[in-house]
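Summary of the model geometry
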Amino acid sequence: MKQTMLCILACVSIFQNLAASTDSVWLSIRLSYQNRTVQLDEPSDSLLLTTARFYLSAFEFYNNNRLVHQEQTYHLIDLEQPNTCVLKFNAPGMKGVDEIRFRLGVDSLANVSGALGGALDPTLGMYWAWNSGYINVKLEGQYSKSDARNQTFEFHLGGYLPPYPTLQYIQTKANHSGDHLLLNLELSNLIQQVNWKDTHHIMSPGAEAVRLSVILASSFSLSVISP
Amino acid sequence: MSKPILLLVCIWLSGAFVSPVGSPYALKYPTKWPKPTYDFSKNPTTVEGVALGRKLFYDPILSRDSSISCSHCHLSYTAFAHVDHALSHGIADRVGKRNAPAMMNLAWSRHFMWDGAVNHLDVQALAPITHPAEMDDQIGNVVKKLQATPHYPALFEAAFGDRKITGEKVLKSIAQFELTLISAGSKYDRVQAGVDSFTAQEKNGYRLFQLHCNQCHTEPLFTNGAFENNGLPIDTALNDKGRSVISQDAADDFKFKVPTLRNIEFSYPYMHDGRFKKLKEVLRHYTEGVQVSPTLSGSLRNKITLNDREKVDLTAFLLTLTDKEFLFNPAFSFPKE
C-alpha cells in the first residue's frame, strides 16, 4: 500500500518535472505545386492530387549548427488526415530550431524486421505484400500530360535492396530560427521530370523509383512560421 | 524512493511496444542443429500466441468472402503443401502461378516464397491475404472483421495483453504458430541421434545423396536456403523467372529457393510449378533432364549418373525424411474447441 502511494507520488512528480522542463517544436507539413498549396481532390492548374502519403523519419533538429534534439521515430504523413501534417516534438531545452535533417522513407533495418506496429503497421497501406518492403511515398492523381487512360498517375516509391535503395537523406535550413516551422514539399520539379509517355505508374522498386525519390528529396524547404 | 520510479518508468516504456503476455512456449529441436535465424526477442512464442495463430491459420475469416483459410492450400497431413493441385487455387478458383510449398522449420528460413519475395516470416501472411488469386482481402479489413467478432478480442488480450487488434498482432501470432511447425522426428533424425539405423539400401542412398544433392539440399535442414537454377526446362506458358523478378538481376534468372526435402514423400507435386508428381520423375530430371543455361548452378554442370538400383536406393533414403510425428501432430491440425 505504502509502495503504491509512493508510486503515485513519484508518477505525479515525474510528469510535473517533464511539463516544467520540456519545450516543443512544431513542424507543419505542406505540399505545393508551382508555389501554391496543394489540397487533395482540388485541381490546381493541370495537376490533381488524390493521394499523398509518405514517411518522414529519424528527425534531427539543429540551432546554429548545434544538435538540439533527435528522434528515432517514423511519421506517416497523409494529406487526407490533417492531424498527420503537424508534428510536435518535445524535448527538454529545445527552443528555436533553424535546421532539420531527416529521412524520406523507412530505413532498411525496419524493412527487414518483420511485423511492426504504430506508424509502420502493415494495415496502413504502405507495405508491399508481394515483394516485402515499405512504400516510402505514395502519390496518386491526374496530370494533363499523362499518357495513361484518364491521365492518371500512380507513384508508389519504395525499395530498400541494392542496387535500387530509395531512402533519402534530407537536410534543410531556414533563414532564422523558430519554434513553429513549415516544411514544404514542392512538386513542380517532380511533375516536370516524369516521363509522362510511359512511366505514369510506378508500383515496384527499380531505377525509376530511385530517380523520382531523389528529385523529391531535393524539393523540400524549411521556413519559420513563428519565431 | 528511487526504486518505485525505476519501476514506473519501465512500465511506462513497455507500453510503447507490443509485448507478449502469457506463458512461454519453448520450441524443441535437436541440439546439433544450427541456431534459428528468426529473431525471437521481437516476437517470443507463448502458449496463447501460438494458439491464437493456429486459430487464425484455420479460419476463413482471413479471406474476403470468408471462403478459404490458410489451410485450404497448406494441409498439415501433407507437410502443409497443397497436394493434387499443381498450381494452388484460391478465391473464385483463380489459378495462381505457383505451387504451395511445404511448410516446416520456418524458424531457420531467411527468405520466403519460391523467389524469396518475402523477407521475413512475420510479413509472409500479408501476401496471401492481399494477393488477388489467393485470399483477396486487405489486412486492414481483416483486422476490422476480427475486432467485430465476439471471441477474437479476448484471444488477442490473452496473447498480447490488449483487446485492440492490429495488423502487427495478427501477423505475429500467425508467425508464432508457424514457428512451432518443426519437423525433426524422421528416421533420418533418429539415426543421427544414434537410436535407429539405416538399412543397407538407405545407407547407400544416403551416400549418393551426399555425393549429388547435399550441396543444395544441405543437412540437417535439407536446404542451404539459397537460390539456385536446377536446370528445369522453362515453362513458356508461365515464363516464371524466379529470383530475378525480385533482385532485378539477370544473373538470378530462373533461380528458385532450394526447398527442403524433409517429408518429401508427402509434399508432391514437386517444383515451383508442381510439374512432377513422383520422385521418380524428379530423379529422371536430375539424371537426364537438366538443361544447360547461363545461370545453371555449378554443381549440376557435371552430369549426374545413377543406375536404376541407385535410384531406388536414393529414393529409399529420401523416404527416411518422412516424419509421421510431424504430419500427424494434433497440435498442428484444425483446432477443435
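Residues numbered from 1 in each chain as written. Chains lettered and ligands numbered in written order. Predicted model: local features only at pLDDT ≥ 70, side-chain atom pairs only at ≥ 80, totals over all residues. Heavy atoms only, no water.

1. A closer look at the overall build of chain A
The line we're drawing: Numbering goes from the N terminus for both helices and strands, where a helix is a DSSP run of H or I of at least four residues and a strand is a run of E of at least two. Buried residues are those whose accessible area, probed at 1.4 Å on protein chains only, stays under 20% of the maximum for their type, while exposed residues exceed 50% and partly exposed ones sit between those limits. Residues count as neighbours in contact if any of their non-hydrogen atoms are within 4.5 Å of one another. Each accessible area is a Shrake-Rupley result for a 1.4 Å probe, and residues are judged covered by the shown protein chains and nothing else. In this tally Asp and Glu are treated as negative and Lys and Arg as positive; neither His nor the chain ends contributes. Note that the charge is assigned to NZ on lysines, CZ on arginines, CG on aspartates and CD on glutamates.
A tally of regular secondary structure across chain A gives four helices and 14 strands. In terms of principal-axis extent, the alpha carbons of chain A reach across some 70 × 40 × 30 Å. Put simply, chain A has 227 residues, and 54% of those count as buried. Across chain A, the fraction of contacts at a sequence separation of at least 24, relative to all contacts at a separation of at least 6, is 73%. Carbon and sulfur atoms make up 52% of the accessible area of chain A, which amounts to about 10,700 Å² in all. Side-chain charges of chain A comprise 15 positive and 19 negative groups, with the mean position of each set lying 4 Å from the other.

2. Topic: the pairing of strand β7 (residues 97-104) of chain A
Residue and element names in this part refer to chain A. Stated formally: One bridge is not enough; two strands pair if DSSP finds at least two bridges between them.
The element β7 is extensively covered by neighbouring structure, given that seven of its eight residues are classed as buried. With five bridges connecting them, strand β3 (residues 47-63) and β7 associate as antiparallel partners. Residue Tyr62 lies in a different strand from β7, and its bridge partner there is Glu99.

3. Regarding a positive patch on the surface
Residues and elements named next belong to chain B. Quick reminder of the rule: Note on patches: the residues involved have over 30% relative accessible area and no salt bridge, like charges join within 9 Å, and the nonpolar side chains Val, Leu, Ile, Met, Phe, Trp and Tyr join within 5 Å. Note on definitions: salt bridges are taken to be side-chain nitrogens of Lys or Arg within 4 Å of carboxyl oxygens of Asp or Glu.
A grouping of Lys277, Lys278, Lys280 and Arg284 is seen on the molecular surface, where their side chains present a positively charged patch. Locating Lys280 in the fold gives a position in helix α11 (residues 279-289). Since its relative accessible area comes to 63%, Lys280 is described here as exposed.

4. With respect to the pattern of salt bridges
Proximity of charged atoms lets side chains of opposite charge pair with each other. All names here are of chain A. Under the criterion given, the structure shown has 19 salt bridges over all chains. Close ionic contact of Arg211 with Glu208 constitutes a salt bridge, the shortest N to O distance being 2.9 Å. You can see Arg211 and its partner Glu208 sitting in helix α4 (residues 207-217), three residues apart, about one turn around the helix. Classification of Arg211 as partly exposed rests on a relative accessible area of 31%.

5. Side note on the nonpolar core
One broad rule of soluble globular proteins: the nonpolar side chains tend to lie buried together. Test applied: Side-chain atoms within 4.5 Å link the members of a nonpolar core, which is a set of buried Ala, Val, Leu, Ile, Met, Phe, Trp, Tyr and Cys residues.
Leu56, Leu62, Phe80, Leu146, Phe156, Val170 and Phe326 of chain B are the most contacted members of the largest nonpolar core, which has 60 residues in total. Among the elements that make up this core, the one with the highest residue count is helix α7 (residues 167-179) of chain B (six residues). When near neighbours in sequence (up to four residues on either side) are disregarded, Phe156 of chain B contacts Leu52, Leu56, Leu146, Gly161, Asp162, Ile165, Lys169, Val170 and Ser173 of chain B. Leu49, Leu139, Ile191 and Phe220 of chain A belong to the second largest nonpolar core, which has 50 residues in total.

6. Considering empty space enclosed by the protein
Note the threshold: The pocket and cavity definitions rest on a 1 Å grid over protein atoms only: a 1.4 Å probe that fits but cannot leave marks a cavity, an open set with protein on both sides within 12 Å along at least five of seven lines marks a pocket, and residues lining either have an atom within 4 Å of a point. Grid points are joined across faces, edges and corners, and a volume is the space filled by probe spheres set on the points. For this scheme, ten residues count as nonpolar: Ala, Val, Leu, Ile, Met, Phe, Trp, Tyr, Cys and Pro. Four count as charged, namely Asp, Glu, Lys and Arg, and the remainder, Gly too, count as polar.
For the coordinates displayed, the defined rule picks out two cavities of 30 Å³ or more. Of the volumes computed, that of the largest cavity is approximately 130 Å³. Taken together, 14 residues line the largest cavity, and the ones lying closest to its centre are Gly159, Tyr160, Leu161 and Pro205 of chain A together with Ile246 of chain B. When the residues that make up the lining of the largest cavity are grouped by side-chain class, the tally is eight nonpolar, six polar and no charged.

7. Here we look at helix α5 (residues 139-147) of chain B
It helps to recall that an α-helix has 3.6 residues per turn; residues three or four apart then point in one direction. Residues and elements named next belong to chain B. Here is the rule: The arc in question is the one traced by the directions running from the helix axis out to the C-beta atoms.
Along α5, the residues that are buried comprise Ile139, Val142, Val143 and Leu146. Along the long axis of α5, the arc covered by the buried residues comes to 100°, so they all point the same way. Summarising the contacts, the buried residues of α5 are in contact with α2 (47-57), α4 (126-130), α6 (152-160) and α7.

8. Let's talk about the domain arrangement of chain B
All names here are of chain B. Quick note on the threshold: Where a domain begins and ends is set by an automatic assignment or by a domain database. Simply put, the buried area is the total loss of 1.4 Å probe accessible area from both parts when two parts are fitted together.
Its domain assignment divides chain B into domain 1 (3-182) and domain 2 (187-321). Of the roughly 2,200 Å² buried between domain 1 and domain 2, counting both surfaces, carbon and sulfur atoms make up 61%. Along the contact surface separating domain 1 from domain 2 lie one salt bridge. Across the salt bridge formed by Arg98 and Asp240, the nearest N and O atoms sit 2.7 Å from each other. In the side of domain 1 that touches domain 2, the residues fall into 15 nonpolar, seven polar and six charged.

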